[in-house]
Amino acid sequence: MTVVMDNVVARETRHVLQTYRRQPVTLVRGQGVRLYDADGREYYDLLSGIGVAALGHAHPALARAIADQAQTLIHTSNLFYHPLQGELAERLAALSGLPRAFFCNSGAEAVEACLKFARRYWFTKGEPRREFIALDESFHGRTFGALSVTSDEHYRGPFEPLLPSVKFVATNDPAALAAAVSTSTAAIIAEPVLGEGGIRPLTPAFAAAITAACAKTGALFIADEVQSGLGRTGHGFYFQALGLAPHLVAVGKALGSGVPIGAALVSQQVADAISFGDHGSTYGGNLLACRAALCVMTELVEGGLIGHINRVGPHVEQRLKAIAAKHAIVKEIRGAGLMWGLELSRDAAPIVPAGLGHGVIVNRTAERVVRLLPPLVITETEIDEALGRLDAALGAVEAGE
Ligand SMILES: Cc1ncc(COP(=O)(O)O)c(C=O)c1O
């Protein structure tokens, strides 16, 4: 370890609450899909800060927009109008088909807002419903509401009791879902592609079961697109690929490409049930965050980024298939667009340091899955170089190096 690394670790160990087990790397600079550590070592970033840096690092248009906004006006609170929230909400409505947005600062807050708005919908109707149906292996965030619909006992256990009225059903089991949903269900919540759960897309049969259960019982559907939304899979949102029509959609991560912003997008039916004062956030949707998000939306739509993802996505798939064919430890690859998981026959944890050793950043999720969420701007040449490094890292782990 270098002196810089020693100082950083020593200071953090003394003063930063130890909730994260970090990799022993101090990243100081980025350019496009590349990151650089304090010693100047280069890494190909196949994770983009867990699906956040959609435009890559130091994107010129985003950097200009943030600098310009910082020199103009950063924050005013939601006590006043400003020109950017409505514009961003309009752009999100065009991409999602849901006409209204509530802005917040993170994915967990977007999920919290969706849960509260679903409860409020039934309260306003005069027939309160409390129950939420969520999926096994789901992840929706760390706040109490979002944690209550997150299945992993490891995350939940120390903080119980959580919301009492949550039932979990097996992912992609249409019969289990149909049996669980009733006229007591306020909402079903699901990630159209389970992210932390190992990059597992919902099946068309399960999507059809969600639609049928909602039609039968009146239950609302909340699509958590925090990880899978905003072009990541080559679709504006993955619920669209599944033919789902959610009443609420949670968005975060890529929306600000690194500037914290989240949103709950709601149908008109839900919006009609919400009153002044029902929910709020001091920072939510401030000028700086909206300006960054507008830049992301412009790149996605006018800049042709969604088209780009649809062009390079199949290339990633083809390369991953070749890697899977070569390495016996890779059992399956799953995903779409630029959201991929390689399920291994063993714990995937050693792939992360092996990747760092070969100059590529990936992450492990659901124990056996290597997760890839590269910046959406990644080119075919960069994909080839980065996956070549991942190939070498898998080989090293396989060889027991
Ligand atoms: C699907 C999903 N929902 C919600 C969250 C929580 O987002 P945040 O960490 O921004 O609160 C995450 C984070 O990984 C996520 O993947």
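Structure first, text after, so check above.
Quantities reported herein were computed from a predicted structural model and do not represent experimental measurements.

About the thresholds
Residues numbered from 1 in each chain as written. Predicted model: local features only at pLDDT ≥ 70, side-chain atom pairs only at ≥ 80, totals over all residues. Heavy atoms only, no water. Phe/Tyr/Trp six-rings, centres within 6.5 Å; stacked < 30°, edge-to-face > 60°. Buried < 20%, exposed > 50% of the residue type's maximum accessible area, 1.4 Å probe, protein only. Lys NZ or Arg CZ within 6 Å of the ring centre and 35° of its normal. Helix = DSSP H or I, 4+ residues; strand = E, 2+ residues; numbered from the N terminus. Arc of directions from axis to C-beta. Contact = heavy atoms within 4.5 Å. Near = heavy atom within 4 Å. Polar contact = N/O pair within 3.5 Å; in protein donor to acceptor, adjacent residues only side chain to side chain. Areas by Shrake-Rupley, 256 points an atom, 1.4 Å probe, with all protein chains shown as cover. Nonpolar A, V, L, I, M, F, W, Y, C, P; charged D, E, K, R; others polar. Salt bridge = Lys/Arg side-chain N within 4 Å of Asp/Glu carboxyl O. Axes fitted to C-alpha atoms, helices over the stretch in contact; angles between N-to-C directions. Parallel < 35°, antiparallel > 145°, perpendicular 65-115°, else oblique. Left-handed = near helix turned anticlockwise from the far one by under 90°. Pairing = 2+ DSSP bridges. Core = buried A, V, L, I, M, F, W, Y, C linked by side-chain atoms within 4.5 Å.

1. Regarding the packing of aromatic side chains
Here is step 1 of the chain: Taken as a whole and judged by the stated rule, the model has four aromatic pairs.
Here is step 2 of the chain: Ring geometry for Phe237 against Phe239: centres 5.7 Å apart, planes inclined by 20 degrees, an arrangement best described as stacked.
Here is step 3 of the chain: With a relative accessible area of 4%, Phe239 lands in the buried category.
Here is step 4 of the chain: Residue placement shows Arg142 over the ring face of Tyr155; its charged tip is 4.2 Å from the ring centre.

2. Quick word on helix H3 (residues 60-70)
Here is step 1 of the chain: Taken together, the buried positions of H3 are Leu62, Ala65 and Gln69. In a view along the axis of H3, the buried residues occupy a sector of 65 degrees, so they form one face of it. Of the residues in H3, the exposed ones pointing more than 90 degrees away from the buried face are Pro60 and Arg64.
Here is step 2 of the chain: Next to the buried residues of H3 lie helix H4 (83-96) and helix H12 (287-300).

3. Examining the site of the ligand
Here is step 1 of the chain: All residues adjacent to the ligand are Ser106, Gly107, Ala108, Phe139, His140, Gly141, Glu191, Glu196, Asp224, Val226, Gln227 and Lys253.
Here is step 2 of the chain: At 2.6 Å, a side-chain N or O of Asp224 approaches a nitrogen atom of the ligand.
Here is step 3 of the chain: For the ligand, the protein covers 81% of the area, taking 390 Å² as the surface of the free molecule.
Here is step 4 of the chain: Taken together, the residues that form the shell around the ligand break down as three nonpolar, five polar and four charged.

4. Considering the pattern of salt bridges
Here is step 1 of the chain: The tally for this structure, following the rule as stated, stands at 19 salt bridges.
Here is step 2 of the chain: Residues Lys321 and Glu317 are paired through a salt bridge, measuring 3.5 Å at the closest nitrogen-oxygen approach. A residue pair is termed a helical-turn pair when its members lie 3 or 4 positions apart in one helix, as Lys321 and Glu317 do in helix H13 (residues 305-326) at four residues.
Here is step 3 of the chain: The class of Glu317 is partly exposed, set by a relative accessible area of 30%.
Here is step 4 of the chain: When salt bridges that share partners are traced, they join Arg34, Glu42, Glu382, Glu385 and Arg389 into one network.

5. Notes on the packing of H13 against helix H15 (residues 380-398)
Here is step 1 of the chain: Orientation of H13 relative to H15, taken along the N-to-C sense of each, is 20 degrees, at an axis distance of 10 Å. Considered as vectors, H13 and H15 are oriented roughly parallel to each other. As H13 packs across H15, the resulting crossing turns out to be right-handed. Contact residues: Arg311, Val312, His315, Val316, Arg319, Leu320, Ile323 and Lys326 in H13; Glu380, Ile383, Asp384, Leu387, Gly388, Asp391 and Leu394 in H15.
Here is step 2 of the chain: A class-by-class count of the residues in the contact of H13 with H15 yields seven nonpolar, two polar and six charged.

6. Side note on the sheet that holds strand E3 (residues 42-45)
Here is step 1 of the chain: With mixed pairing, the four strands of this open sheet are ordered in space as E1-E2-E3-E15. Each end of this open sheet is capped by a strand with a single partner; those strands are strand E1 (27-31) and strand E15 (360-361).
Here is step 2 of the chain: Bridge analysis of E3 against E15 gives two bridges, and the strand direction is parallel. Within E15, the residue paired with Tyr44 across the bridge is Val360.

7. Observations regarding the nonpolar core
Here is step 1 of the chain: The biggest cluster of nonpolar side chains holds 97 residues, and the ones touching the most others in it are Leu177, Leu230 and Leu372.
Here is step 2 of the chain: It is H12 that contributes the most residues to this core, ten residues altogether.
Here is step 3 of the chain: With residues up to four places along the chain from it excluded, the contact list for Leu372 reads Leu46, Leu320, Leu338, Met339, Trp340, Leu342, Val362, Leu387 and Leu390.
Here is step 4 of the chain: By size, the runner-up hydrophobic cluster in this structure holds 30 residues, among which are Ala113, Trp122, Val266 and Ala273.

8. Focus: the sheet that holds strand E13 (residues 330-336)
Pairing between the strands of a sheet comes from backbone hydrogen bonds, and it takes one of two forms, parallel or antiparallel.
Here is step 1 of the chain: An order of E13-E14-E17-E16 is seen for the four strands of this open sheet, with the pairing classed as antiparallel. Each having just a single partner strand, E13 and strand E16 (363-365) make up the two edges of the open sheet. This sheet shows a mean twist of 30 degrees between the axes of neighbouring strands, independent of strand direction.
Here is step 2 of the chain: Strand direction decides the pairing type here: E16 and strand E17 (residues 369-372), joined by three bridges, are antiparallel.

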